[in-house]
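Chain residues, written in single-letter form:
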Amino acid sequence: MSEPLLRARGITKHYGAVRALAGVDFEIRPGELVGLVGDNGAGKSTFVKSLAGAVQPTSGTFEIDGKPVRLGTPQQARDAGIETVYQDLGLCDNLTVAENIYLGREPTRGWGPWRRVDRRRMGTEVREVLSTLSINMPEPGAQVTALSGGQRQAVALSRCKLWRRRLVLLDEPTAALGVQESARVVDTIRELSAAGAAIVLISHDIPMVMELTDRIVVLRKGTKAADVATEDVGEHDVVASITGAAARKEIA
Ligand SMILES: Nc1ncnc2c1ncn2[C@@H]1O[C@H](COP(=O)(O)OP(=O)(O)O)[C@@H](O)[C@H]1O
Ligand SMILES: [Mg+2]
């Protein structure tokens, strides 16, 4: 088995008197697709935000490729190859599709005072990466305000693909979408995974999680209630673990 890409140890997060995470250990290997499930308030978003550098844990450590790292800011996390796609955030409404995919990483041409953003190259690259995804997309120059929910998710996912992110964190990527759009986003997640990214997928859609993932981690009240290979469990076991009904017969 390969070494973990990322390892989190003893991640704890207090918000004042609220203990959102209580010592969570977690690891993910290169190319692995892990489902992170749990009831509302279980700590899923807080955990993923701590990997994304958006939340600072009260205690705990992270390692990437076996080496300690600080994920102190979203930029530090991005530098470590981690990209996050949230349910609704994540796109800048005042920018175009292409600008959203580049976000500060635009290719330039020329030198010194003649340095300019290379829009032609951006257009070509964006069209290329969008054409490999399952979703119908408008032109790279379109404003993202005109996009549907599914198209917005596709833009966010293409960002992960173009930048060859090693670890992609998806927090409820289909929660705001209709059935058809969800199906397309699912295809896109598969493509991202096939391209070699490790993916953490948070979702309430247990059938989807069962279908897509290699492994399922259940959070309950800020602690890890289960960590199992998806093929070893049924939907019923996962739901029981989420609600705590499996407390006497743990699935992990
Ligand atoms: N910024 C915050 N300030 C205070 N409490 C928070 C904050 N974010 C989350 N919490 C609390 O932490 C707990 C875990 O929340 P969250 O990580 O959003 O859970 P989940 O994503 O599993 O629904 C909840 O009790 C929630 O109210
Ligand atoms: Mg959440």
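The structure displayed is predicted, hence computed values, not measured ones.

This brings us to the overall build of the protein chain. Scanning the protein chain from N- to C-terminus turns up 8 helices and 12 strands. Taking 2.2 N^0.38 as the reference for a compact globule, 252 residues should give roughly 18 Å; the C-alpha atoms of the protein chain span a radius of gyration of 19 Å, in line with that estimate. The principal-axis extent of the C-alpha atoms belonging to the protein chain is close to 65 × 40 × 40 Å. Within the protein chain, contacts between residues at least 6 apart in sequence are counted, and of these 64% link residues at least 24 apart. Positive and negative side-chain charges in the protein chain, numbering 32 and 31 respectively, have mean positions lying 6 Å apart.

Each α-helix winds once per 3.6 residues, and so residues spaced three or four apart point in a common direction. Turning to helix α8 (residues 235-243), its buried residues number three or more, namely Val238, Ala240, Ser241 and Ile242. Packing partners of the buried residues in α8 comprise β3 (33-37), α7 (206-212), β11 (215-220) and β12 (223-229). Positive phi appears at Gly244, one or two residues downstream of α8, with a value of about 95°.

Time to look at the side chain of Glu32. Turning to its location among the elements, Glu32 is positioned in the loop between β2 (18-28) and β3. In contact with Glu32, other than residues within four places in its own chain, are Glu27, Ala197, Ala198, Ile199, Asp214 and Arg215.

What counts and how
Residues numbered from 1 in each chain as written. Chains lettered and ligands numbered in written order. Predicted model: local features only at pLDDT ≥ 70, side-chain atom pairs only at ≥ 80, totals over all residues. Heavy atoms only, no water. Helix = DSSP H or I, 4+ residues; strand = E, 2+ residues; numbered from the N terminus. Rg over C-alpha atoms; globule rule 2.2 N^0.38 Å. Contact = heavy atoms within 4.5 Å. Lys, Arg positive; Asp, Glu negative; His and termini not counted. Charge placed at Lys NZ, Arg CZ, Asp CG, Glu CD. Buried < 20%, exposed > 50% of the residue type's maximum accessible area, 1.4 Å probe, protein only.

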